[in-house]
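Structural characterization, general
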Amino acid sequence: MKIYITYAKTDDSVLPYEEVHRQIACRAAAEGIVLLKNDHALPIRPGKIAMYGAGVEYTIKGGTGSGEVNERHSISIMEGMTAAGFEITTEDWLADYRAEYENGVLELEASIKSAMKQLRFSEYPGLFLHTFVYPFGRLITEQDVLKSGTDTCIYVIARQSGEGSDRKIRNNDFHLSNIERENIRFCTKHYQKTIVVLNIGSSFDTSFMEEIPGISALIYLCQLGSAGGTAFADIISGKATPSGKLADTWVKAYGDVPFGSSYSYLNGNLENEDYLEDIYVGYRYYDSFHIEPHYPFGYGLSYTTFDIQYQNIQRDGDKIILRAKVANTGDTYTGKEVVQLYVSCPQGRLTKEYQRLCAFAKTGLLAPGQEETVTLTFPLSYLASYEEDSASYIMEKGTYLIRLGNSSRNTIVCAAIDAADEICLSKHKNICPVQTPLDVLTPADRNISIATDYTGEICSQLKPEDKLTINQVDFPTVTYTYDELPVCPDRQLTAKLKELSINERIDLVVGAGLKDMLMNSSYIMVPGAAGNTTSTLLEKGIPNIVLADGPAGIRIQRRSTITKGGTAKMVDMQLDMMKYFPDIIKKFFCGNPDKEQVYYQYTTAFPVATAMAQTWNTELLEEIGQAVGEEMTEYGVSFWLAPGMNIHRNPLCGRNFEYYSEDPVLTGKMAAAITKGIQSREGCFVTIKHFCANNQEENRNHVSSNMTERALREIYLRGFEIAVREGGAKGLMTSYNKVNGVYSNNSKDLLTHVLRQEWGYDGLVMTDWTATAEGQADPAKCIESGNDLIMPGSGSDKKIIKKAIREGNLSRRDLNRCAGRVLNAVRSGQTGLL
């Protein structure tokens, strides 16, 4: 009989932490909701309410794919509103929608069953990534309005997206459908108040707000996890005051997105994605090129008003510290405000964006008339720009204007930093060379001038104490070196490595395999976990460690059985799309709860990453991290495969919901906070992902993200750097894609030169799942480049690595270096072992 350890429970009783974590999720959900318009329509006292739209009863809690969470229960908008005392009076319309939804499910199930007849078994996993398209419902009638018996209606638009494909223009992923447009127009004519709610994981075309008169309020709900319905009702009723701010710019039309017409599938080229907008991503583009957004980055309304007053500025070493006083100037509602600090850098031989976010702070809950002083701190390195010719981060001579406000389009200049001479902060080596020259965007291409001619006038109005002067002598240049890294600096691990044969060391750097992922049979067993390191070395005192998906909570199996042979099988489908599989497939993957012991693992579904970022609350993110860490400990998970940190380069990316923002600093700060929370628990670690430039889902296993080194460093690596340097992340997952023609997991520039030798990273690096399948990245080059662990791992990976060593194409030093890091992860994740 196989020996195994599992921490799954043998009954489904509620665990002590569940309600505590649900409350944290609810607070995060409430703070992540963004109020985009409110024409005196909100809040609303509980009473009769008309509700329409796909998201009322079938509220989407999160996206599909590896980011799903199998929680005990998620509260829909309908449930939350009913529990808050509202009487929903549109049951006829909702019942008809329910029938349409259920028919859609049956049609999808039939479609998948038909597709499976045409596919090889090895192609079945691709079906896991399909996304159910929510129907739009029927037209609303005057009879519906009459029966509703109220002057107020809420219309909830819902869109689902997920791993494996990008959002499509043609099927209304980004726009209203004709039916929804007609229904909203009808509601504005028949109800005194019409409130539109967007239950969508990423930004959406809101041009209908101008096209349809009479919409009283617009709420961006996003996708809020298990407590979303409760949080929504709290905001609607005024029990909570909105404090969320957008983490992305919302454009007036998709045509405003820079090079949007050539994104992903839209230009027919899925082999190369050229990042021609260069450093001008998100608000950096719209602000610099004078394009008016519909809703700017950092924007969000409240039920109250605030006043932000600059107090003072000082320098402490390489840190800038600014203080501001925030007052609630309303007379009714308590609330929180987000203070945002942007800097406009001087134009020089390096052209720069109009402004960049450098710091932010969220107040506590302020009652009317109450004040709070907040402190905003940032390193001077945030003001530097990367010069490729000298491979240096420099601050060019000139004046750096500091802007304070509550959104990117609502700031005032309050202070300035004058660089008396050019300052070189750090010297590097050039990385990831472009294979084919890129004709990247510059302001001159469009006859745009990024205004700096008023700098002197502004500075003349500042007080002397509000201006700082800095020089190169104040900041010694950091020069990075790129000598070979030590193989294994830890004596205990070195001794353990010497006990292992070459084949056993290869076992260490290759995961337990795809079969183990689907039907967990490892020594330490967490049913439904994404994968495990090897259990074949248990007799050598090396157990496996468990890796489980995120980032909206831990994705493990809700209910499972474990066979007498020690194999875990699911009772509930692990991924949403698996429930549509034919019975014969389900029988293969699933256990029988009537004949076998059922094991239970209930985790919390938190808001998706975009909603987390919209809280702009790092303390709250750290609290979420601590809660996730507690659940990891409860079930035996060592590495959480999250947070996701890719930049929202384009609103159509199907996985934007898993990532935080278009801005690298906001992304990095959110990731660093949740990292600190999780890693505050012994044996629990994050895995920041997907490193790097994984900004589309179509053909993600082969596409090359092509960009300048400057854009790579300033935009796409910056957030990861913050998570490593400030958050102390101990796990990192490489992406599927290539960067300038080289797979990220085969890039020594990224994994050794930048990650370890520049940033000082000392944790574990792993591939994304099946990234080394046939026709993709080379597993031997993974090891050579510093990608320590290949997941989920396969016999083919091992054969390729053995052959590379035998033929002299892979050194034993490189193998030992990666094996040592895996051993260190095992020791850290299983405290007291080794």
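See the structure above.
Anyway, here's the lowdown on the structure attached to this text.

Definitions and cut-offs
Residues numbered from 1 in each chain as written. Predicted model: local features only at pLDDT ≥ 70, side-chain atom pairs only at ≥ 80, totals over all residues. Heavy atoms only, no water. Pairing = 2+ DSSP bridges. Helix = DSSP H or I, 4+ residues; strand = E, 2+ residues; numbered from the N terminus. Contact = heavy atoms within 4.5 Å. Axes fitted to C-alpha atoms, helices over the stretch in contact; angles between N-to-C directions. Buried < 20%, exposed > 50% of the residue type's maximum accessible area, 1.4 Å probe, protein only. Salt bridge = Lys/Arg side-chain N within 4 Å of Asp/Glu carboxyl O.

Remarks on the sheet that holds strand β6 (residues 193–199)
With mixed pairing, six strands are arranged side by side in an open sheet as β2-β7-β6-β5-β3-β4. Across the chains shown, the open sheet's two edge strands, defined by having one partner strand only, are β2 (34–38) and β4 (87–88). Helix-sheet contacts for helix α5 (residues 178–190) involve β3 (48–52), β5 (152–158) and β6, and the interaxial angle to β5 is about 165°.

A short note on the pairing of strand β7 (residues 217–220)
Along β7, one buried face is formed by A217 and I219 and the opposite face, lined by L218 and Y220, is buried too. Two strands pair when backbone bridges link them, and β2 and β7 are joined in this way by four bridges, in the antiparallel orientation. Bridged to K37 within β7 is L218. Summarising the sheet, β6 and β7 pair through four bridges and their orientation is parallel. In the strand pairing of β7, V197 is matched with I219.

Let's talk about the pattern of salt bridges
Per the stated rule, a full pass over the model turns up 53 salt bridges. The residue E31 makes a salt bridge to K362 at a minimum N-O spacing of 2.7 Å. Of this pair, E31 sits in helix α1 (residues 16–32) while K362 sits in strand β12 (residues 356–362), and the two are 331 residues apart along the sequence. Accessibility classification places E31 together with K362 in one group, the buried group. Close ionic contact of R817 with E484 constitutes a salt bridge, the shortest N to O distance being 2.9 Å. Remark: E484 occurs in the loop between β20 (478–479) and α10 (491–498) and R817 occurs in helix α22 (residues 812–829); sequence separation between them is 333 residues. Since its relative accessible area comes to 54%, E484 is described here as exposed. Salt bridges sharing partners connect three or more residues here, namely E163, R655, E658, E697 and R700.

Purely spatial values, then, with no claim about function.
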